Structures are given as structure tokens and as C-alpha cells.
Amino acid sequence: MSTHHPAAVVVLAAGEGTRMKSATPKVLHPIGGRSLLGHALRAARGCRPEHLAVVVRHERERVAAHVAECDPRALLADQDETKGTGRAVECGLAVLPPDLSGTILVTYGDVPLLSAATLQALTRAHEEAGNAVTVVTAELADPGGYGRILRDEAGEVAGIIEHKDALAAREAGGPLAHALDITEINSGIYAFDAAVLRDCLARVSTDNAQGEKYLTDVLGLAREAGGSVRAHVVADLWQTEGVNDRVQLARMGAELNRRTVEYWMREGVTVIDPATTWIDADVTLGRDTVIRPQTQLLGACSVGADVVIGPDTTLTSVQVGDGAQVVRTHGEDAVVAAGATVGPFAYLRPGTRLGEGGKIGTFVETKNADIGPGAKVPHLSYVGDATIGEGSNIGASSVFVNYDGVAKHHTTVGRHCRMGSDTMYVAPVTIGDGAGSGAGTVIRTDVPPGAMAITVARQRNIEGWAQARRAGTPQARAAEEALGRGDQEEQA
């Protein structure tokens, strides 16, 4: 009994994508945190084929390297000088076992919303009907640019006519003059019987308006050989839509995001304003988490339950534990443990790790910093290349001076330290458990446990400095007025 998993999927990713007007290959442009090709490979692998082949040509090395990152098991096939989707599939078949039998799916590297579930349904429909070819089709109100599905009197697929050939047929008249009026379009996604595909491709010519080897010609040849050619109609038109320019890229990205946000809301996440919330495809969210407006969760963010994120927050590959709060914050490759609070106006750079119940407050920047459970950096500070122990408090306007112009150095602050405002930590230094510092301290050497570090000089007041050095200024006049009032009060 068939398991309805294809023998192979061939993903076509050889095109240049000139309408993108980009130095980046079209299939490498991203939406939802993955490249277009990355989405295509995820869907292809998701229907569990025995083999997955990717056909490449334009910017071959860049695309091949990306395929290796996304799916190391995928096979690479190089398209030669012969143009057309038919030739591209032939090149893909060349890297598959020559005796491969069963169903071969053909899809594309620029159709990002196509799902593994749709590919599985296509395989099932193809195999249960015993078709030679099954083509995914859709009904479009405006089918301009797409190949049209030609059906016979019985309603089965008789063939496909490409848009440019349909234009030529209208001008020439004849039996296909009506082709441009057909609204059922060819998505370009197919299921083939492997033997039929090999045999028919060998007989496809390039005698057409484009001078290309059309994959669509296989359908007519399969029918001539007595095979069944049927359509698998997809109601979700987005799954059949490709990306050819930046307008379509943005449109597909917005639709993907809409679907992602809706999915998480149905999973128990509150999204206050879906229109201003962006969630990448690889993000995970826990129940009863609240996402406030103007929030972006990018990359591989992992967010726990009962978390509040936003407003005005952008996190990229950040882990946030249960019950944490992250407000008006930018963060990347950081960890925020359960019950911790961040922001507003904080910047978590890579390597930041905030412990359970800890705090990174207003106008604080951190980098490669391990801030322990219950430890706090409340405001106006920079913490870089540092370890701060459990329960310690870093006073306002503190700077961990970690760079000497050549190398970075580490600072260690022990447990339950009480550090004063405007303390400079000139790394490498270690502050022992239970130690502290006075306001304005510059720590250049280690501080023993329980000690108080102070480097403040005795205050000295220079009387009359403003009147002497800033005569005639508002500063001097204010001082004179204040002194005059003081004399009057003393005399009274």
C-alpha cells in the first residue's frame, strides 16, 4: 500500500530573476526570516521524499552554499545552456537514481507559501487516481502572465498553453484563439510518474515562441501515450503564487506574516495590533503571552508563557523565559530568564544573559554579559564582557571599561554587591562577594569581599569663581543675586 510520499522532489532554482534588479539571486531574498528557497526546501522536505534535488545555475556557488545550509541532504543539479523548465527538470533527473520509480514532484524556489501539506495532498491525489501527470491549478480573476489549462470535452486536462503562445494564437486565430479568456491557470507545480516524465522529456522540442524546452509539453505527450492527465485544484491561491519582483516580495511577506500572526493568536497568544506586529516563521511563543504594538520577533526567537513584549520592541533570536517583560527594547542573540524585566530603551547585544528575576533597565546597553539571578542594572549604564553575581546592584551611569584599544577584558562582580553610581570598572578586575563602591569610583584593582572601594578626592570649593571667570554671564549674575540675598538674610 502506498504511503503517498514522493520518490523525489525536484526544486527549480536556476533562474536569474532579472525583475528583482538585485545583485542577490532571487531565490535568496528573504521573507519571514527565511529565504524564498528556504521556504521551498522546507515544504519539499516536509512531504518526506526519498530524494530532494535542487536545480541551480545563476550565482551557482552562492545558491549551492545556501542549499547546503538549509538542507545538507539535498542533491544539487546544474542546468546547462538549454533553456526552459523542461530542460531544468531533465538536469534534476540526472542526479537521481536512473531506476527511480514512483512519483516525482516538481516545484520552484520562488513559491514561498506552498506548504508540505499541499504537496502531500498532490501526491495522494496523483497516486490514488493512477495519473501519468497531475498539475496543480487555480482559478484567477486576472490570469495575465500565466499559462492556461486546456481541457477536453470530458473535463480532463488536454494541455497547457503558455501566455505568450496564447497571445500569438489570438493574433493567428484558429482553435486556440480563446486561450487568453481561460481563467484556470497552471501553477507550474506537478506530480509525474517517473517513467513517463523521463520518456516524454526526451521527446520534448524547443519549437515554440520562446525557443525553450517546455515542461508543459510533457502533458500532451503523456496523453498521446494513453496516460491520464488531471488537475489538482488548489483553493488557496497564495500557495501557487511566485515572486518575480520586489512588489511581489513585499506582498508575499505581508501575507506570510498575517498567517503567522493569526496562527499564534489561535494558539493562545494575545497580539494587540496584528497590523504592526511581525513574527518570523521560526519564532515560537508560549500561551498567554502578550505582544504589544510595533513589535518584531525575528530569527529564532523563543518566547515562554505569560510574557509581555513591547511596545516598540525588536528581538532577533532572543530567548525569553516565562513571565518576563521586555519593553521598548532591541535585542539580538540574548537570553532573558523567567521573571526578568528589560527596558524601556534597553539594547541587548549578542551574548547577553539575564538571570531569573533580574533587571536591565532604562538606557542600558549590554554585550557578552552574564547578569545573575536577581541582579540589577537599572539605568544609564554599559555592561560589556562582564559577569555580575546573584542579587548584585549596579548603580546608575556605570561603565564596564572592557576595551584597551587592542583587546577586550573581563570584569567579575560577585554576589550581593552594592555598587555606587558612576562607577568605572577598568577591566580586568574582580569585585568580591558583598563588596561595594562609592559614587564616582574608578575601580582599577581587585576589591576584596565585603570591602568598600572609594577613589573620590576631598571636595574643594573655589569661592567667587563664577564672578571672576564668567563675569557678565547669567551664571555670574545668578551667583551675585544669590549671595546678595544671603547677605540680606544674615543681616535680618
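Quick note: structure is the one above.
The notes below deal with the structure included here. In this numbering scheme, every chain counts its residues from 1 along its sequence in written order. Where totals are concerned, whole chains, interfaces and linings use all residues; where local detail is concerned, this predicted model gives features only for residues with pLDDT of at least 70, and gives and counts side-chain atom pairs only at 80 or more. With hydrogens and water excluded, all non-hydrogen atoms of the structure serve as input to the side-chain values.

This part is about the packing of helix 1 (residues 36-46) against helix 2 (residues 60-70). The axes used here are C-alpha line fits, helices contributing only the stretch in contact, and every angle between their N-to-C directions lies in the interval 0 to 180 degrees. Helix numbering and strand numbering both begin at the N terminus, where a helix is a DSSP run of H or I of at least 4 residues and a strand a DSSP run of E of at least 2. Interaxial distance between helix 1 and helix 2 falls to 10 Å at its minimum, and their mutual angle equals 45 degrees. Considering the angle they form, helix 1 stands oblique to helix 2. When you trace helix 1 past helix 2, the crossing you get is right-handed. Contacts between helix 1 and helix 2 involve Leu37, Gly38 and Leu41 from the former and Val63, His66, Val67 and Cys70 from the latter. The residue makeup of the contact of helix 1 with helix 2, split by class, is 5 nonpolar, 2 polar and no charged. An angle below 35 degrees is read as roughly parallel, one above 145 as roughly antiparallel, one from 65 to 115 as roughly perpendicular, and any other as oblique. Two helices crossing with the near one rotated counterclockwise from the far one by less than a right angle form a left-handed crossing, whereas a clockwise rotation gives a right-handed crossing. Here, residues are in contact when the closest pair of their heavy atoms is within 4.5 Å. Three residue categories are used. Nonpolar comprises Ala, Val, Leu, Ile, Met, Phe, Trp, Tyr, Cys and Pro, charged comprises Asp, Glu, Lys and Arg, and polar comprises the others, including Gly.

In this analysis, strands are considered paired if DSSP registers two or more bridges between them. Sheet analysis places strand 16 (residues 295-298) next to strand 19 (residues 313-316), joined by 4 bridges and oriented parallel. Paired with leucine 298 across the bridge in strand 19 is threonine 316. Bridge analysis of strand 19 against strand 22 (residues 329-332) gives 3 bridges, and the strand direction is parallel. Along strand 22, the bridge assignment pairs threonine 314 with histidine 330.

Bringing the nonpolar core into the picture now. A general tendency of soluble globular proteins is for nonpolar side chains to be buried together. To form a nonpolar core, buried Ala, Val, Leu, Ile, Met, Phe, Trp, Tyr and Cys residues must be joined to one another through side-chain atoms within 4.5 Å. Relative accessible area decides the class of each residue, using a 1.4 Å probe on protein chains only: under 20% of the type maximum gives buried, over 50% gives exposed, and in between gives partly exposed. Of all hydrophobic cores here, the largest spans 61 residues; its most connected members are Val11, Val133, Tyr190, Leu197, Leu215 and Val218. The residues contacting leucine 215, other than those within four sequence positions of it, are Thr85, Gly86, Val89, Val106, Tyr190, Phe192, Leu197 and Leu201. Counting 46 residues, the second largest nonpolar core, distinct from the first, contains Trp264, Ile291, Ala340 and Ala435.

Only centres within 6.5 Å qualify two rings of Phe, Tyr or Trp (six-membered ring in Trp) as a pair; their planes then separate them into stacked at under 30 degrees, edge-to-face at over 60, and tilted for everything else. Under the defined criterion, the tally for this structure stands at 4 aromatic pairs. Pairing tyrosine 263 with tryptophan 264 gives two aromatic rings, centres 4.9 Å apart and planes at 75 degrees, and the pair type is edge-to-face. In this structure tryptophan 264 comes out as buried when scored by relative accessible area, which is 11%. Their ring planes at 10 degrees and their centres at 5.2 Å tell us that phenylalanine 345 and phenylalanine 363 sit as a pair that is stacked.

So, on to the layout of surface pockets. Cavities and pockets are defined on a 1 Å grid built over the protein atoms alone: a cavity is a set of grid points where a 1.4 Å probe fits but cannot escape, while a pocket is an open set with protein on both sides within 12 Å along at least five of seven lines, and lining residues are those with an atom within 4 Å of any such point. Grid points are joined across faces, edges and corners, and a volume is the space filled by probe spheres set on the points. Considering only enclosed or pocket space, the largest pocket measures out at about 1,700 Å³ in volume. Forming the walls of the largest pocket are 49 residues, and the residues nearest its centre are Arg19, Lys26, Thr85, Tyr108 and Asn244. Taken together, the elements giving at least two residues each to the lining of the largest pocket come down to strand 1 (8-13), helix 3 (85-94), helix 5 (163-172), strand 10 (184-193) and helix 8 (246-266). The element best represented in the lining of the largest pocket is strand 10, accounting for 4 residues. Looking at the lining of the largest pocket, its residues break down into 14 nonpolar, 21 polar and 14 charged. Computed from the structure, the second largest pocket encloses a volume of approximately 400 Å³. At the level of secondary structure, the elements contributing two or more residues to the lining of the second largest pocket comprise helix 1 and helix 8.

Take helix 6 (residues 194-201) next. When helix 6 is considered as a whole, its buried residues turn out to be Ala194, Leu197, Cys200 and Leu201. An end-on view of helix 6 places all buried positions within 145 degrees of arc, on one side of the element. Buried residues along helix 6 sit in contact with helix 3, strand 6 (103-108), strand 10 and helix 7 (217-224). In protein, a polar contact means a hydrogen-donor-capable atom and an acceptor-capable atom, both N or O and within 3.5 Å, with residues adjacent in sequence counting only if both atoms are side-chain atoms; elsewhere, any N or O pair within 3.5 Å suffices. Of the residues that open helix 6, the one with a side-chain oxygen 3.2 Å from the backbone nitrogen of alanine 195 is aspartate 193. Note that the arc is defined by the directions from the helix axis to the C-beta atoms.

Together, Phe345, Phe363 and Leu380 make up an exposed nonpolar region whose accessible area comes to about 320 Å². As for its position among the elements, leucine 380 is in strand 28 (residues 376-388). Patch definition: residues with relative accessible area over 30% and no salt bridge; like charges joined within 9 Å; nonpolar side chains (Val, Leu, Ile, Met, Phe, Trp, Tyr) joined within 5 Å. Areas reported as accessible are Shrake-Rupley estimates using a 1.4 Å probe. Residue values count occlusion only from the protein chains shown. Salt bridge, as used here, is a side-chain nitrogen of Lys or Arg placed within 4 Å of a carboxyl oxygen of Asp or Glu.

Quick look at the packing of helix 1 against helix 4 (residues 116-129) now. Their axes nearest at 7 Å, the elements helix 1 and helix 4 cross at an angle of 45 degrees. In terms of axis orientation, helix 1 runs oblique to helix 4. Note that helix 1 runs across helix 4; the crossing there is right-handed. Where helix 1 abuts helix 4, its residues Ala43, Ala44 and Gly46 lie against Ala116, Leu119 and Gln120. Looking at the contact of helix 1 with helix 4, its residues break down into 4 nonpolar, 2 polar and no charged.

With the rule as written, the count across this model stands at 26 salt bridges. With its nearest N and O atoms 2.5 Å apart, the salt bridge here joins aspartate 385 to lysine 367. One end of the pair, aspartate 385, is in strand 28; the other, lysine 367, is in strand 27 (residues 359-371), with 18 residues separating them in the sequence. In this structure, aspartate 385 and lysine 367 share a single accessibility class: buried. One salt-bridge network, held together by shared partners, links Asp236, Glu255, Arg258, Arg259, Glu262 and Arg266.

The residue after glycine 310, namely proline 311, is reached through a cis peptide bond having omega 5 degrees. Along the chain, the position of proline 311 falls in the loop between strand 18 (308-309) and strand 19. Omega for the bond connecting glycine 343 with proline 344 falls within 30 degrees of zero, at 0 degrees, which places this linkage in the cis form. By the element assignment, proline 344 lies in the loop between strand 24 (341-342) and strand 25 (346-348). For leucine 380, which is not a glycine, the phi torsion comes out positive at approximately 55 degrees.

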